[in-house]
Amino acid sequence: MKLRTGTAVILLIVLVVFAVGLGAYRGWSQERTRVEETYAGLENMLHTRVEAAYNLLAVAGRHLDQADEEVKAAARRVEADRDILEGAAALRRKAAANEALTEDTKQLLSGLSGMASVKAYGNDQWYVDSYLPQMMEQSEEKTARANYNTAAAEFNKKLNSTFSGMIARVLGIRPAEVFAD
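Residues numbered from 1 in each chain as written. Predicted model: local features only at pLDDT ≥ 70, side-chain atom pairs only at ≥ 80, totals over all residues. Heavy atoms only, no water.

1. Points about a nonpolar patch on the surface
At step 1: Taken together, Leu12, Val16, Val20, Tyr25, Phe163, Met166, Val170 and Leu171 make up a surface patch of nonpolar side chains, about 780 Å² in accessible area.
At step 2: When residues of the nonpolar patch are traced back to their parent elements, those giving at least two are helix H1 (2-61) and helix H7 (163-170).
At step 3: Among the elements that take part in the nonpolar patch, H1 stands out by supplying four residues, more than any other.
At step 4: Tracing the chain through its elements places Val16 in helix H1.
At step 5: Classification of Val16 as partly exposed rests on a relative accessible area of 46%. (Patch = residues over 30% accessible without salt bridge, like charges linked within 9 Å, V, L, I, M, F, W, Y side chains within 5 Å. Areas by Shrake-Rupley, 256 points an atom, 1.4 Å probe, with all protein chains shown as cover. Salt bridge = Lys/Arg side-chain N within 4 Å of Asp/Glu carboxyl O. Helix = DSSP H or I, 4+ residues; strand = E, 2+ residues; numbered from the N terminus. Buried < 20%, exposed > 50% of the residue type's maximum accessible area, 1.4 Å probe, protein only.)

Structural data, given as structure tokens:
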């Protein structure tokens, strides 16, 4: 009789541990999925910034043969930043490229704005002085306010500070990658 009671207690403990582990894993998996769903908004804004960089480089390309080395270097940096944002880089690398794109775009636009060839081409002057700076500024602001980073930071904080989060980490749930600090 004692053997059956002992076996039943052990079986009950195993079932409770299994249920707690399964519940923690499922719950944190769902939370992680919700965080990943917010990434779509950030991805859309990054796509807008990539498109703006393509437009800027198209305008710049018409004038680079008359540009000085500083303007050409800024165009190369914008192109490199754009390629990182468009590629499959880690989020931290994309965040750094996103920040760099802001500065590199400002430098390129500033260099293009003073060029005689840009001034002679009315549409390009409008793009350089008005449209592209506004497009880059708006997409930068929206990217900075993206919900993804907030959701990822909250998820990571909860995952690292709760008992069920500890269980979930042991079972393979990883923290969410953040876009920027």
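2. Structural notes on the packing of aromatic side chains
At step 1: Tallying each qualifying case throughout the model produces five aromatic pairs.
At step 2: Relative to Phe155, the ring of Trp28 lies with its centre 5.5 Å away and its plane at 70 degrees, an arrangement referred to as edge-to-face. Highlighted residues: Trp28 in helix H1 and Phe155 in helix H6 (residues 147-161), separated in sequence by 127 residues. Like Trp28, the residue Phe155 is buried in the burial classification.
At step 3: Ring centres 5.1 Å apart and planes at 65 degrees place the aromatic pair Trp126 and Tyr127 in the edge-to-face group.
At step 4: The class of Tyr127 is partly exposed, set by a relative accessible area of 29%. (Phe/Tyr/Trp six-rings, centres within 6.5 Å; stacked < 30°, edge-to-face > 60°.)

3. With respect to the pattern of salt bridges
At step 1: Here the structure, examined in full by the defined rule, presents eight salt bridges.
At step 2: For the salt bridge of Glu31 with Arg34, the shortest nitrogen-to-oxygen distance reads 2.4 Å. Note that Glu31 and Arg34 are positioned in helix H1 at a spacing of three residues, about one turn of the helix.
At step 3: What makes Glu31 partly exposed here is its relative accessible area of 31%.
At step 4: For Arg34, a relative accessible area of 44% corresponds to the partly exposed category.

4. Overview of the nonpolar core
At step 1: Counting residues in each nonpolar core, the largest one holds 43 residues, and the members touching the most others are Leu108, Leu112 and Tyr148.
At step 2: Mapped by element, the contributors of at least two residues to this core are H1, helix H2 (69-86), helix H3 (91-113), helix H5 (122-144), H6 and H7.
At step 3: By residue number, the principal contributor to this core is H1, which donates twelve residues.
At step 4: Once you skip the residues sitting within four places of it in the chain, Tyr148 turns out to touch Val35, Thr38, Tyr39, Leu42, Leu91, Ala176, Glu177, Val178 and Phe179. (Core = buried A, V, L, I, M, F, W, Y, C linked by side-chain atoms within 4.5 Å. Contact = heavy atoms within 4.5 Å.)

5. Some points on H7
At step 1: Residues of H7 that are buried: Gly165, Ile167 and Ala168. The arc that holds the buried residues of H7, viewed along the axis, is 160 degrees, so those residues lie on one side. In H7, those exposed residues whose orientation departs by more than 90 degrees from the buried face are Phe163 and Val170.
At step 2: Between the side-chain oxygen at the start of H7 and the backbone nitrogen of Gly165 there is a gap of 3.0 Å, and the oxygen is on Thr162. (Arc of directions from axis to C-beta. Polar contact = N/O pair within 3.5 Å; in protein donor to acceptor, adjacent residues only side chain to side chain.)

6. What about a negative patch on the surface?
At step 1: Together, Glu99, Glu137, Glu140 and Glu141 give the surface a local cluster of negative charge.
At step 2: Sorting elements by how many residues they give to the negative patch places H5 first, with three residues. (Lys, Arg positive; Asp, Glu negative; His and termini not counted. Charge placed at Lys NZ, Arg CZ, Asp CG, Glu CD.)

7. Points about H2
At step 1: Over its 18 residues, H2 extends 25 Å from the first C-alpha to the last, a length consistent with the 26 Å expected when each residue adds 1.5 Å.
At step 2: Looking at H2, one finds that the buried residues are Val71, Ala74, Ala75, Val78, Asp81, Arg82, Ile84 and Leu85. (Expected span 1.5 Å × (residues − 1).)

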